[in-house]
Every structure is written in structure tokens, then in C-alpha cells.
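# Inside the fold
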Amino acid sequence: RLDWDAPQQVGRVVLADRPNRLDQVLSGRLVFSDGSALDIDEPLPDAAHEGLEIRFAPKTVEWVKFIVEETGGKTLNIGLSEIAVFLVE
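An account of the accompanying structure is given in this report. Residue numbers run consecutively from 1 along every chain, following the written order of its sequence. Local features are withheld for residues below a pLDDT of 70 in this predicted model, meaning they are given only at 70 or higher, and side-chain atom pairs are given and counted only at 80 or more; totals for whole chains, interfaces and linings count all residues. Derived side-chain values reflect all non-hydrogen atoms in the structure, with water molecules and hydrogen atoms excluded from consideration.

## Overview of the overall build of the protein
Along the protein, the regular secondary structure elements total zero helices and five strands. For the radius of gyration, the atom set is restricted to C-alpha positions; the globular benchmark scales as 2.2 Å times the number of residues to the power 0.38. For the protein, whose C-alpha radius of gyration is 13 Å, the value lies close to the compact-globule estimate of 12 Å for 89 residues. Here the term buried applies to any residue with accessible area under 20% of the maximum for its type, exposed to any over 50%, and partly exposed to those in between, with areas from a 1.4 Å probe on protein chains only. Sorting the 89 residues of the protein into buried and exposed places 35% on the buried side. Taking as baseline every contact in the protein between residues at least 6 positions apart, the subset at least 24 positions apart corresponds to 78%. Throughout, the Shrake-Rupley method with a 1.4 Å probe supplies accessible areas, and for residues the shown protein chains are the sole cover considered. With the model as given, the accessible surface of the protein reaches about 5400 Å², and the carbon-plus-sulfur share is 45%. We count Lys and Arg on the positive side and Asp and Glu on the negative side, and we leave His and both chain ends out. Every charge is mapped to an atom, namely NZ of Lys, CZ of Arg, CG of Asp or CD of Glu. Both charge centroids of the protein, one from 9 positive and one from 16 negative side chains, sit 2 Å from each other. By definition, any uninterrupted DSSP run of H or I lasting at least four residues is a helix, any uninterrupted run of E lasting at least two residues is a strand, and each is numbered from the N terminus. Contact criterion: two residues are considered in contact whenever any of their non-hydrogen atoms come within 4.5 Å of each other.

Structure, rendered in C-alpha cells:
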């Protein structure tokens, strides 16, 4: 979960999986402080330099969190290597 001291207008998130062949997030859910959520129903790329970009209509929020819902069968460590949230310009 990422929290801000003041509301931020956001419109894009990039989720980066752990860069190894064992740990893989297959699906999840982005939840926002405004009560909205987005289901992420595709695997996150395994490459260290790639992430899954999710674009959405701008939202004004105080926090965003990612919930892992499904992982690959060999996953030992559930989590992300990075989550990037981008402000609307």
C-alpha cells in the first residue's frame, strides 16, 4: 500500500513482479481509497526491466494498494519488486 499526506490525482500504475523464474503474480486487484478497484487478470512480466502498465480514468485518492490474488505454482515469495503510481499531468 502506498499512502500520501494529501489527495493525489493518479491515472496510471506500473506493477513489476519479482525478477526471477519461480515467483510470479498471475492476478491481483488494485484498490483505491475512493472505494474503487481494478481487477488485474493477467500475469505480471517476469523480466526485471518490464512491468505491467495499467491505465485508468483519473482518480483523486489518498492511497492505493495491490492485493495478490493468484500466483504461479512454484512461487515461494509472494510480492512485487516495484509499484509505480503516476500523477495526472
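Moving on from the coordinates now.
## Focus: the sheet that holds strand β3 (residues 37–40)
Hydrogen bonding along the main chain pairs the strands of a sheet, whether they run parallel or antiparallel. Reading across the sheet, the five strands line up as β3-β2-β4-β1-β5 and stay open at both edges, with antiparallel pairing between neighbours. Among the strands making up the open sheet, the edge pair consists of β3 and β5 (80–87). Averaged over all neighbouring strand pairs, the angle between strand axes comes to 35 degrees, with direction disregarded. Here, strands pair whenever DSSP counts at least two bridges between them. Examined bridge by bridge, strand β2 (residues 25–32) and β3 share four bridges and lie antiparallel to one another. Each bridged residue has a counterpart across the sheet, and for Gly28 the counterpart in β3 is Ile40. A fitted line through C-alpha atoms serves as each axis, taken over the contacting stretch for helices, and the angle formed by two N-to-C directions is quoted from 0 to 180°.

These figures come from the coordinates and say nothing about function on their own.
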